[in-house]
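# Overview (structure and organization)
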Amino acid sequence: MAHSLTKITPFLMFEGQAEEAMNYYVSIFDDSEIINVQYYGPNESGEEGTILHATFSLNGQEFMCIDSSVKHEFSFTPAISFYLNCGTEEEITLAFDWLSEGGSVLMPLASYPFSQKFAWVSDKFGVTWQLNLVKN
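Described below are features of the structure shown in this document. From a predicted model like this one, the values you see are computed outputs, not experimental measurements. (Residues numbered from 1 in each chain as written. Predicted model: local features only at pLDDT ≥ 70, side-chain atom pairs only at ≥ 80, totals over all residues. Heavy atoms only, no water.)

Turning to the side chain of aspartate 67, a few remarks are in order. When you line up the elements, aspartate 67 lands in strand 4 (residues 61-67). Notably, aspartate 67 is buried but unbridged: the nearest opposite-charge side chain belongs to lysine 71, and the N-O separation is 7.6 Å. Only 3.0 Å separates the side chain of aspartate 67 from the backbone nitrogen of alanine 18, close enough to count as a polar contact. Aspartate 67 has contacts with Phe14, Glu15, Gly16, Gln17, Ala18, Tyr40, Thr50 and Ile51, leaving out every residue within four places of it along the chain. (Helix = DSSP H or I, 4+ residues; strand = E, 2+ residues; numbered from the N terminus. Buried < 20%, exposed > 50% of the residue type's maximum accessible area, 1.4 Å probe, protein only. Lys, Arg positive; Asp, Glu negative; His and termini not counted. Salt bridge = Lys/Arg side-chain N within 4 Å of Asp/Glu carboxyl O. Polar contact = N/O pair within 3.5 Å; in protein donor to acceptor, adjacent residues only side chain to side chain. Contact = heavy atoms within 4.5 Å.)

Shown next, in the form of structure tokens:
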């Protein structure tokens, strides 16, 4: 590769739900925090008080999010999802409950040929998550 990458950061674009989503994710994952938030002010391109740009971390993984000032014909798609390895039955059950609440279940929490316990969910914001139980 011609250039070295220092870091790849997932970037989530919402339309008015960025702050709610960020706060929700930070509340359900350990070792998570909101790092920086900038809001649209009066007479700026986005709705005043919505997120111009924010940075947060979930279990040490940094994310960015915005509330787009432009309305789009697209949203999140299940073709890209966050893959969450859980170490215990309790962790995967809690993650499944939290992330599927108000969303939809694409694959129910169950045993599959490729995993002892797995689920694929779309959360209430439309972001998809694959949950996998990892046994040592």
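Right, let's get into the sheet that holds strand 5 (residues 81-86). Taken together, 4 strands build an open sheet; the order of strands is 5-8-7-6 and the sheet is mixed. Looking at which strands have only one partner, the edges of the open sheet turn out to be strand 5 and strand 6 (104-112). On average, each strand axis in the sheet is tilted by 10° relative to the strand beside it, whichever way the strands run. Sheet analysis places strand 6 next to strand 7 (residues 115-122), joined by 5 bridges and oriented antiparallel. Within strand 7, the position partnered with serine 104 by the bridge is serine 122. (Pairing = 2+ DSSP bridges. Axes fitted to C-alpha atoms, helices over the stretch in contact; angles between N-to-C directions.)

Below, the discussion takes up the side chain of asparagine 132. The topology assignment puts asparagine 132 in strand 8 (residues 128-133). A distance of 2.5 Å separates polar atoms of two side chains, one belonging to asparagine 132 and the other to serine 115. Beyond its immediate sequence surroundings of up to four residues, asparagine 132 is in contact with Tyr83, Leu84, Asn85, Cys86, Ile92, Ser115, Lys117 and Phe118.

Together, Asp30, Asp31, Glu33, Glu90 and Glu91 give the surface a local cluster of negative charge. Looking at where glutamate 91 falls in the secondary structure, it is placed in helix 2 (residues 89-100). (Patch = residues over 30% accessible without salt bridge, like charges linked within 9 Å, V, L, I, M, F, W, Y side chains within 5 Å. Areas by Shrake-Rupley, 256 points an atom, 1.4 Å probe, with all protein chains shown as cover. Charge placed at Lys NZ, Arg CZ, Asp CG, Glu CD.)

It is worth spelling out the environment of leucine 109 at this point. Tracing the sequence through the fold places leucine 109 in strand 6. Sequence separation between leucine 109 and asparagine 132 is 23 residues, and the spatial gap between their C-alpha atoms is 9.2 Å. Look past the residues within four positions of leucine 109 in its chain and what remains in contact with it is Ile92, Thr93, Phe96, Lys117, Phe118 and Ala119.

A separate point is helix 2. In an α-helix, one turn spans 3.6 residues; hence positions three or four apart end up facing the same way. Between the first and last C-alpha of helix 2 there are 16 Å, a value that for 12 residues agrees with the 16 Å anticipated at 1.5 Å per step. Ile92, Ala95, Phe96, Leu99 and Ser100 are the residues of helix 2 that are buried. Projection of helix 2 onto a plane perpendicular to its axis shows the buried side chains occupying an angular sector of 105°, all on one side. On the buried face of helix 2, the contacting elements are helix 1 (18-28), strand 5, strand 6, strand 7 and strand 8. Following helix 2 by one or two positions, glycine 102 adopts a phi angle in the positive range, close to 80°. (Expected span 1.5 Å × (residues − 1). Arc of directions from axis to C-beta.)

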